Amino acid sequence: MAVGKEILTKIRSVQNTQKITKAMQMVSTSKMRKTQERMRLARPYADKVRLVMGHLAQTQENHGIKLLSERCKIRRAGFILITTDKGLCGGLNANVLKKFLAQMQDYQERGIETDVVCIGSKGLATCQRIGLNVIASVVNLGDTPRLELLVGSLTELFKRYEQNEIDIIHIVYSGFVNTMRQEPRMEVLLPIGRNTLEAAQVEGRGYNWDYRYEPTPIAVLEYLVRRYLESVVYQALSDNMASEQAARMVAMKAATDNAGNAIKELRLVYNKSRQAAITTELSEIVAGAAAV
């Protein structure tokens, strides 16, 4: 019965693992609802800031704000890479890093240098392992993202853009589509595209708008640009957190189901082994009785 005891030990081990994955699935389900609600509530603020910024940019054509200026040639690129702090969420981080590294390779082949700001320990570990230039990082954000933790890293990157040290800034994250689908996304954060400003102007058509500025329109526009950029990064981080909980829930459900199937197979093997042992013992008893 040594084989049977080993199988029973494996069954108990898989059962313990199944309890853990089931608990993690339930926790992720609870957190996913909260992250989805946070993601939904973050969108109206970003939309209104973009609307007002588009109106101001339309009236103040000679604003001279460096964050709104475009570059003729890309000599150095910046990235904001958003990943998770924890694993066990399927291929979520792998898909984001694959898209990010593909763009990095393209820039390297073109001789363009890059700087990276990492949000999340998984992306930071990957960038450090392959030797990328990480200028700032934010890890251990917890379940609730806070903008004040991101401002320092983002300010450093935006400062380099204003000083013409960086010509383009990408943001890479996992976009939340639905519970079963999360897609890696790469967007150009700076320079702010004309489509963004034109879309804001289209939203304002059909009615007259006017503002009173304090202290000056340029100062207000410059403030709104920074708030808009921060809101876009916050929205991307909220999307990434919602994607993380959804992916973890699906991954843990699959792990729980696989553990259940493994337990069934082990029980079948155990029963066959036990039946064979009983048959052998009966055969030995019958043979002994016949010999007597």
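About the cut-offs
- Residues numbered from 1 in each chain as written.
- Predicted model: local features only at pLDDT ≥ 70, side-chain atom pairs only at ≥ 80, totals over all residues.
- Heavy atoms only, no water.
- Buried < 20%, exposed > 50% of the residue type's maximum accessible area, 1.4 Å probe, protein only.
- Helix = DSSP H or I, 4+ residues; strand = E, 2+ residues; numbered from the N terminus.
- Pairing = 2+ DSSP bridges.
- Right-handed = clockwise from strand over helix to strand, strands pointing away.
- Axes fitted to C-alpha atoms, helices over the stretch in contact; angles between N-to-C directions.
- Contact = heavy atoms within 4.5 Å.
- 1 Å grid on protein atoms, 1.4 Å probe; cavity = no way out; pocket = protein on both sides within 12 Å on 5 of 7 lines; lining within 4 Å.
- Points joined across faces, edges and corners; volume = space filled by probe spheres on them.
- Nonpolar A, V, L, I, M, F, W, Y, C, P; charged D, E, K, R; others polar.

Trainee: Help me out: how do you make sense of the pairing of strand 1 (residues 76–82) in this one?
Mentor: Two faces belong to every sheet, and in a regular strand the side chains alternate between them. Of all 7 residues in strand 1, 6 are buried, a share of seventy percent or more. As judged from the 7 bridges shared by strand 1 and strand 2 (residues 113–119), these two strands associate in the parallel manner. Its bridge partner lying in strand 2, R76 is registered against E113. With helix 2 (residues 92–109) bridging strand 1 and its parallel neighbour strand 2, the resulting β-α-β unit is right-handed. By the bridge criterion, 5 bridges tie strand 1 to strand 4 (residues 168–178) in an arrangement that is parallel. Bridged to A77 within strand 4 is I168.

Trainee: What exactly am I supposed to notice about the sheet that holds strand 3 (residues 134–138) here?
Mentor: In any sheet, the strands associate via hydrogen bonds between backbone groups, in a parallel or an antiparallel arrangement. A sheet is described by the order of its strands in space; here 5 strands give the open sequence 3-2-1-4-5, paired in mixed fashion. Both outer strands of the open sheet, strand 3 and strand 5 (181–190), are each paired with one neighbouring strand and no more. The sheet shows a mean angle of 20° between the axes of neighbouring strands, taken without regard to direction. Bridge analysis of strand 4 against strand 5 gives 9 bridges, and the strand direction is antiparallel. When the sheet's bridge partners are listed, S174 is paired in strand 5 with P184. In the packing of helix 3 (residues 121–130) onto the sheet, contacts are made with strand 1, strand 2 and strand 3, and the angle to strand 2 comes to roughly 150°. Relative to strand 4, helix 6 (residues 217–291) is tilted by about 40°, and along the sheet it contacts strand 1, strand 2, strand 4 and strand 5.

Trainee: I keep staring at the layout of surface pockets and nothing clicks. Help me out?
Mentor: Over the atoms rolls a probe the size of a water molecule, and in doing so it shows where empty space is left. Taken as a whole, the second largest pocket encloses approximately 350 Å³ of empty space. Taken together, 22 residues line the second largest pocket, and the ones lying closest to its centre are K86, D143, E244, Q245 and R248. Top element by residues in the lining of the second largest pocket is helix 6. It accounts for 6 residues. Each residue belonging to the lining of the second largest pocket can be placed in one class, and the counts come to 6 nonpolar, 10 polar and 6 charged.

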